[in-house]
Amino acid sequence: METLIKSITEHVKLSPEEISLCKSFWTERTLEKGEFLLRNGEICRHDSYIISGVLKAFCINSENGNEEILFLAIDHWWATDISSFSKQKTSIYNIQAVEKTTLLQISHLSFQKMLEQIPSLEKYFRIILEGYLGTLEKRIVFNHMYKAEQKYYDFLDTYPDVASRVPQYLIASYLGVSAEFISRIRKKNKSS
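Residues numbered from 1 in each chain as written. Predicted model: local features only at pLDDT ≥ 70, side-chain atom pairs only at ≥ 80, totals over all residues. Heavy atoms only, no water.

## Observations regarding the pairing of strand β7 (residues 101–107)
At step 1: Burial analysis of β7 places six of its seven residues in the buried class, which makes it a mostly covered element.
At step 2: In this sheet, β7 lies alongside strand β1 (residues 27–31) in antiparallel orientation, the contact comprising five bridges. Opposite glutamate 28, over in β7, you have leucine 104 as the bridge partner.
At step 3: As paired elements, strand β3 (residues 46–52) and β7 share six bridges and run antiparallel to each other. Bridged to histidine 46 within β7 is serine 107. (Buried < 20%, exposed > 50% of the residue type's maximum accessible area, 1.4 Å probe, protein only. Helix = DSSP H or I, 4+ residues; strand = E, 2+ residues; numbered from the N terminus. Pairing = 2+ DSSP bridges.)

## Quick word on a nonpolar patch on the surface
At step 1: A surface patch of nonpolar side chains, about 400 Å² in accessible area, is lined by Ile82, Leu129, Tyr132, Leu133 and Leu136.
At step 2: For the nonpolar patch, the element with the most residues is helix α5 (residues 121–145), which contributes four residues.
At step 3: Position of tyrosine 132 relative to the elements: it lies in helix α5. (Patch = residues over 30% accessible without salt bridge, like charges linked within 9 Å, V, L, I, M, F, W, Y side chains within 5 Å. Areas by Shrake-Rupley, 256 points an atom, 1.4 Å probe, with all protein chains shown as cover. Salt bridge = Lys/Arg side-chain N within 4 Å of Asp/Glu carboxyl O.)

## Things to note about unusual backbone geometry
Peptide bonds are, in most cases, trans, and in most cases residues other than glycine have a negative phi.
At step 1: The phi angle at histidine 76 is positive, at roughly 70°, despite the residue not being glycine.
At step 2: Considering the arrangement of structural elements, one finds histidine 76 in the loop between β5 (67–73) and α3 (82–87).
At step 3: Classification of histidine 76 by relative accessible area gives partly exposed; the value is 41%.

## Brief notes about the packing of aromatic side chains
Centre distance and the angle of the planes are the two values used to describe a pair of aromatic rings.
At step 1: All chains considered together, the criterion is met by 13 aromatic pairs.
At step 2: A ring pair is formed by tyrosine 49 and tryptophan 78, whose centres lie 5.1 Å apart and whose planes are at 65°; its orientation type is edge-to-face. Residue tyrosine 49 is located in strand β3, and its partner tryptophan 78 is located in the loop between β5 and α3; the two are separated by 29 residues in the primary sequence. Assigned by exposure class, tyrosine 49 and tryptophan 78 land together as buried. (Phe/Tyr/Trp six-rings, centres within 6.5 Å; stacked < 30°, edge-to-face > 60°.)

## Some details on the sheet that holds strand β6 (residues 94–97)
The strands that make up a sheet pair up through hydrogen bonds in the backbone, lying either parallel or antiparallel.
At step 1: If you trace the four strands from one edge of the open sheet to the other, you get β2-β6-β4-β5, paired in antiparallel fashion. Sheet topology places β2 (36–38) and β5 at the edges, where each strand pairs with a single neighbour. Recorded for the sheet is a direction-independent mean angle of 30° between the axes of neighbouring strands.
At step 2: Pairing of strand β4 (residues 55–60) with β6, which is carried by four bridges, proceeds in the antiparallel orientation. Following the sheet pairing, lysine 56 is matched in β6 by glutamine 96. (Axes fitted to C-alpha atoms, helices over the stretch in contact; angles between N-to-C directions.)

Okay, here's the thing in structure tokens:
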């Protein structure tokens, strides 16, 4: 819980009473490797902050049956279907643990109550959403404008902690390239 409070207080000032109240809304949950946080067709009932572990969000490609990675999330990141959570409508993707993962979760109703009781948290969650939106915009631009090798190197530069913890085939899916392509780039770099 302390890592979440630290993240919040880096952006907004909270009184000791507000910190204590904020903590009361969250519950801890652990997912084993392979366990689902959310499945396609379910409603995302909780917003989830990762204390430790790795999650992947993905859809299944109806043409070839492959997983299409939408995002990867590690320690101190958020993993939620924002649209499903905010509208309480069914999700169009899955979120699954890549390794044992410990989360802090807040239900939709508790989230609304928390924001009512601690209005300054609106600013914190706006900042988080703005960061997420910026990441999505960059990904769209890179997917349309850059070659696969450039996307891979940018991923390594931007997310070195993710790259060191996530299997190569998941990174390949996230980037829209084959795992073999990434293997070739890595071999090329080792021989250089």
